[in-house]
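Tertiary structure, described
Each chain, written out:
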Amino acid sequence: MKKVFALMGSPRKNKNTDKLLNFLLEGIRTLDYDIEKIYIKDLDIHSCTGCDHCGKYGNCVFKDDMSIVYDGFDNSEIVIFSAPLYFNSINGMSKNIVDRCQKYWSIKYSLGKNYKRNERRKGIFLSVGGAPYTHNHFDGTVGVMDLFFKAINVDYIGNYFISNTDETPIEERIDVINEIKEIGENIDKVGNFYIHR
Ligand SMILES: Cc1cc2nc3c(=O)[nH]c(=O)nc-3n(C[C@H](O)[C@H](O)[C@H](O)COP(=O)(O)O)c2cc1C
C-alpha cells in the first residue's frame, strides 16, 4: 500500500496547524493510503551541529528519534509537512528537522550517491499565521521548504496557507475545511497548487 508520512510541527496539539493537517488527512483517508502522522513535539531530536559526519559517512552522528523521521521520508510516496509561521518562517522545532536533512544533501552532493532520483513522490506544505492576510505573508517559508523537499527528492507540488488564525481559528473557516478535505480526496490527481486564504 502507498504511504503518506505527515509531520505536525506546532508545539500546540489540536490547534490550527494540527487541525489543518487533520482535515487534509481526512480527505486522503477516503483513498487507499497507509497514513503515518508524527508530532515533532513528541520526538527527541538533536539540532544539526554542522560536524560534516554525514559528508564523510552518509549518516548522522546523532542516534535519536530522527531515525523515525528518516524512515518516513525514505519509505513514503507522499510527504506532508504542517508547520506554524513563527517570525515569518517555519517554527524552530520544524526547522530543526529540516536542518537534519543535511544528511540527504551530503549523500547526493558530497558522496555522489543516488537517493531516490527517479521516483516521483509528492510533497505538500501547510502553514498557518496568526496575523491578518497580506499577499506575501508566507514568502519566508517557501524557500526553506523548497530546499527541504529537494533534499529528500520529493516534488514540492503544493502549498496551503491560512492567515489570521489568531483572530479566526480554523474550525470557524468552513471554506478552508471543505477545500483542504477536497484536496485530500483528490490527492492522486491534483496538480501544483498555491492556495492562501
Ligand atoms: C514565537 C511566535 C512567533 C510568531 N510569529 C508570527 C509571525 O511572524 N507571523 C504571523 O502571522 N504569526 C506569528 N505567530 C502566530 C502564530 O503563527 C499563530 O498563533 C498560529 O496559529 C500558531 O499555530 P498553532 O495555532 O497551530 O499553534 C507567532 C507565534 C509565536 C508563538
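Residues numbered from 1 in each chain as written. Predicted model: local features only at pLDDT ≥ 70, side-chain atom pairs only at ≥ 80, totals over all residues.

The protein chain goes by Flavodoxin family protein in an unreviewed UniProt entry, where it is assigned to Paratissierella segnis.

Looking at helix H6 (residues 139–151), one finds that the buried residues are Thr141, Met145, Phe148, Phe149 and Ala151. Around the axis of H6, the buried residues are gathered within 145° of arc, so they sit on the same side. Residues of H6 that are exposed and point over 90 degrees away from its buried face: Asp139, Gly143 and Leu147. Tucked into the core, H6 has its buried residues touching strand E3 (78–86), strand E4 (89–90), helix H4 (92–99), helix H5 (102–110), strand E5 (122–128) and strand E6 (155–162). Following H6 by one or two positions, asparagine 153 adopts a phi angle in the positive range, close to 55°. (Buried ≥ 20, exposed ≤ 12 C-beta atoms within 10 Å, placed from the backbone. Helix = DSSP H or I, 4+ residues; strand = E, 2+ residues; numbered from the N terminus. Arc of directions from axis to C-beta. Contact = placed C-beta atoms within 7 Å.)

What follows concerns the site of the ligand. Near the ligand there are 16 residues, and of these Thr17, Pro84, Gly129, Gly130 and Ala131 occur at the shortest range. Only helix H1 (16–28) and E3 provide two or more residues apiece to the shell around the ligand. Top element by residues in the shell around the ligand is E3. It accounts for three residues. Along the lines of polarity and charge, the residues of the shell around the ligand split into six nonpolar, seven polar and three charged. (Near = placed C-beta within 6 Å. Nonpolar A, V, L, I, M, F, W, Y, C, P; charged D, E, K, R; others polar.)

Turning to unusual backbone geometry, a few remarks are in order. Residues apart from glycine generally show negative phi values, whereas peptide bonds are mostly found in trans. A positive phi angle, close to 45°, is found at phenylalanine 87, a residue other than glycine. Looking at the element boundaries, phenylalanine 87 is found in the loop between E3 and E4. A count of 8 C-beta atoms within 10 Å places phenylalanine 87 in the exposed class. Non-glycine residue asparagine 88 carries a positive phi angle of around 65°. Within the secondary structure, asparagine 88 is located in the loop between E3 and E4.

Within this structure's numbering, the places UniProt gives as "domain: NADPH-dependent FMN reductase-like" (unreviewed entry) are residues 3–131. In this annotation, residues 3–131 is assigned 34% helix and 24% strand; the end-to-end C-alpha distance for the span is 34 Å. (UniProt positions renumbered as here; feature names shortened; annotations may be inferred.)

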